[in-house]
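Here is how the chains run, residue by residue.
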There are 2 protein chains.
Amino acid sequence: MTSPVGLHRVLAPAGVLPQAAERLDARPEIGVDEVRIAVERLNLDAASFRQLSEKHGGDGDAVRAEVLEIVGRRGKMHNPVTGSGGMLIGTVDEVGPESPLGLKPGDRVATLVSLTLTPLRIAATTWDGRGEQVPCTGHAILFARSVAAVLPADLDPRLALAVLDVCGAPALTARVVRGLEGGAPHGGPRVAVLGAAGKSGSLSLAAARDAGAAGTTGVVRDEAEAALLRGAGLADRVVVADARDPVAVAAAVGEPADVTVVCVDVPGCEHGAILATAAGGTVIFFSMATSFAAAALGAEGLAADVTMLVGNGYVPGHAGYALDLVRKVSAVRELFEGRLSA
Amino acid sequence: MTSPVGLHRVLAPAGVLPQAAERLDARPEIGVDEVRIAVERLNLDAASFRQLSEKHGGDGDAVRAEVLEIVGRRGKMHNPVTGSGGMLIGTVDEVGPESPLGLKPGDRVATLVSLTLTPLRIAATTWDGRGEQVPCTGHAILFARSVAAVLPADLDPRLALAVLDVCGAPALTARVVRGLEGGAPHGGPRVAVLGAAGKSGSLSLAAARDAGAAGTTGVVRDEAEAALLRGAGLADRVVVADARDPVAVAAAVGEPADVTVVCVDVPGCEHGAILATAAGGTVIFFSMATSFAAAALGAEGLAADVTMLVGNGYVPGHAGYALDLVRKVSAVRELFEGRLSA
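A quick note: this is a predicted structure, and the numbers were derived from the prediction, not measured.

Caption draft 1: Focus on the sheet that holds strand E4 (residues 86-95) of chain B. All names here are of chain B. Ordered by their spatial adjacency, six strands build an open sheet running E6-E7-E3-E4-E5-E8, and the pairing between neighbours is antiparallel. Edge positions in the sheet fall to strand E6 (120-125) and strand E8 (148-150), since each of these pairs with one other strand and no more. Taking each pair of neighbouring strands and ignoring which way they run, the sheet shows an average axis angle of 30 degrees. In terms of strand pairing, strand E3 (residues 35-44) meets E4 through nine bridges, oriented antiparallel. Paired with Arg41 across the two strands is Ile89, which belongs to E4. Contacts from helix H2 (residues 60-74) reach E3 and E6 within the one sheet, and its direction differs from that of E6 by about 145 degrees.

Caption draft 2: Broad picture of the side chain of Arg36 of chain B. All names here are of chain B. Summarising the element assignment, Arg36 is placed in strand E3. With a relative accessible area of 14%, Arg36 lands in the buried category. With sequence-adjacent residues up to four places away left out, Arg36 is seen in contact with Pro28, Ile30, Thr91, Val92, Asp93, Glu94, His139, Ala140 and Ile141.

Caption draft 3: Main features of the pattern of salt bridges. All names here are of chain A. This structure, assessed with the given rule, holds 49 salt bridges over all chains. Of the charged contacts, one joins Glu34 and Arg9 as a salt bridge, the two residues approaching to 2.7 Å between their closest N and O atoms. Residue Glu34 is found in the loop between strand E2 (23-24) and strand E3 (35-44), and its partner Arg9 is found in the segment before strand E1 (10-12); the two are separated by 25 residues along the sequence. For the pair shown, Glu34 and Arg9 are each scored as buried. In this structure, Arg327 and Asp324 form a salt bridge, with 2.9 Å as the shortest nitrogen-oxygen distance. In this pair, Arg327 and Asp324 both sit in helix H10 (residues 318-328), three residues apart, roughly one turn of the helix.

Caption draft 4: Representation of the packing of helix H1 (residues 46-55) of chain B against H2 of chain B. Residues and elements named next belong to chain B. H2 packs onto H1 with a crossing angle of 125 degrees between their chain directions and a minimal axis gap of 9 Å. If you check the angle between H1 and H2, you find them oblique. The hand of the H1/H2 crossing is right-handed. Between H1 and H2, the contacting residues are Phe49, Leu52, Ser53 and Lys55 on the first element and Val63, Glu66 and Val67 on the second. Tallied by class, the residues present in the contact of H1 with H2 amount to four nonpolar, one polar and two charged.

Caption draft 5: Expanded view of the packing of helix H4 (residues 168-180) of chain A against H10 of chain A. All names here are of chain A. The N-to-C vectors of H4 and H10 enclose an angle of 90 degrees; their axes lie 8 Å apart at closest approach. One element, H4, and the other, H10, form an angle in the roughly perpendicular class. Two secondary-structure elements touch here, H4 through Gly168, Pro170, Ala171, Ala174 and Arg178 and H10 through His318, Tyr321, Ala322 and Leu325. Considering only residue class, the contact of H4 with H10 consists of six nonpolar, two polar and one charged.

Caption draft 6: Inspection of the sheet that holds strand E6 (residues 120-125) of chain A at higher detail. Residues and elements named next belong to chain A. The strand order across the open sheet formed by six strands is E6-E7-E3-E4-E5-E8, and the pairing between neighbours is antiparallel. Two strands lie at the open edges of the sheet, namely E6 and strand E8 (148-150), each paired on one side alone. Averaged over all pairs of adjacent strands, the angle between strand axes in this sheet comes to 30 degrees, irrespective of strand direction. Packed onto the sheet, helix H2 (residues 60-74) meets E3 and E6 and runs at close to 145 degrees relative to E6.

Rules used in this analysis
- Residues numbered from 1 in each chain as written.
- Chains lettered and ligands numbered in written order.
- Predicted model: local features only at pLDDT ≥ 70, side-chain atom pairs only at ≥ 80, totals over all residues.
- Heavy atoms only, no water.
- Pairing = 2+ DSSP bridges.
- Helix = DSSP H or I, 4+ residues; strand = E, 2+ residues; numbered from the N terminus.
- Axes fitted to C-alpha atoms, helices over the stretch in contact; angles between N-to-C directions.
- Contact = heavy atoms within 4.5 Å.
- Buried < 20%, exposed > 50% of the residue type's maximum accessible area, 1.4 Å probe, protein only.
- Salt bridge = Lys/Arg side-chain N within 4 Å of Asp/Glu carboxyl O.
- Parallel < 35°, antiparallel > 145°, perpendicular 65-115°, else oblique.
- Left-handed = near helix turned anticlockwise from the far one by under 90°.
- Nonpolar A, V, L, I, M, F, W, Y, C, P; charged D, E, K, R; others polar.

Function cannot be read off these values alone, since they describe shape.
Right, here's the structure in full:
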């Protein structure tokens, strides 16, 4: 019996989900609804690689040895200190007859669920331990409820990976904006994006416009980012404010937004987002630095009647939607390509 | 110059809102739009009291000392570990001529904004450190944009305080259920409440039924609570599961819920709530022990297309709605009274 969420692969402790497990069973034989990937490259989470590199004083051999030790022991690349994993790319090797993922052998894919819950064995690697990208051979297992995207033939794989890494944000932004379209008093919702020049921010701006926003405001941290975003033309207005300063954010946004999207990866941005949002509006938090308590108590303390969403990284169709935005909106593509070559 | 959100009372760090502040100025002299309350009793947030009590192994004297130390140092009751506060009850002492709150000296009130943003000094207390209710004297300050409710004459003030403390939960639950009513395939949404025998849990159950839920399931931690909740008749089904065990929660709930309400004040309940919720459904997190990252990454890792709401403690009309539920639904009132006398 296989479980769609991979419970049958959990070795210890009993009863937890794969992400919470200490050890997974990474045997290559697949269940009827599983998929085996021939791994080509891991993309370690930035926080995980930094921790390992600092621990070993930049000694690449020691970093490589520890990654191999973790994967060998845990059956997954799950950094025990940072709790984070990363993603991988590879080629579909075998597909169980009852897999619902729609993959076929030979598809080149990126996994969109974390390495912290993906059974993995590494056979060999040429990695020097000095960067987040780990070229290697081996295999990984996808469950029925895993998510993987076929890499598009028309986009540079590095660009595609960078887009897929944040593809939940534009999909959820578009869904919220579409839900409000027509219901808002001014034809469509006004949308403000904090951290608008970054990866998830620029995609969210493009998604808001695509979904029918009546006006978009991009909030960025300095004039350099403002110039970049103005040049891209992705927002109707671009303003500069420190996202951690609630009063400054609200003043910069001006007329409150119907939807505020938080894409700034630093702590302390909850209150500015709430203050910048109209009564009855929605705040979507995508930053992993968001504090649940700060958001909940902040809205209460401001007597702010706003709907606050935890930015779920999974929305059906998210990968295809994000890649299509990059194809359709050349300014988004150029922003991403600029970051990749920086 | 006073600020409606209390910026003028922030001592450190500069520029943040009172809730994010490390220290507030709790001087008794009020500004033109402020109100001073003579404090009678604090009601500590459940997660905060639990953390303090566990830290000190149930030593009430040590718990009391730490609460007094926090309030003395920070100028507010803001637990630095849980990030949560609570609320207070008292009598209006002085009202600034420009206060918009509609209060007058002598009104007996409960504050509906968190203690984490309320300037507070404690003069003396008879508290034994063994419960969430802290009888004390001292003063607190309300800003122009604070929220306070005059205590109803027909309810025991301790009952009213306990109800008002969690009044955001039933109001938001009702709003979400009403928003889905008719849209759900089975007439009204199926609602599951984790921590259903507690204060916010029992009120949320009553609110879900009041708002048109097609079926309600109460999830509780043991048979004693199950017997209590079955006796109250607040839920169509009562099941026992450890809310931290995702597989057990999902199995106990059975047919996935359209709306899952999390009222369990312990960490680690995010994945169970997500697993117990149907695709397209909504999870409302009211517990201050909720981890933003665990919710966001958990849903992504499970490829769960669920809307996740940060439980905003402020919904217009929340105080009156919760008090009316207690008046209308005698079982809720009895559960609360049972807890108060326990």
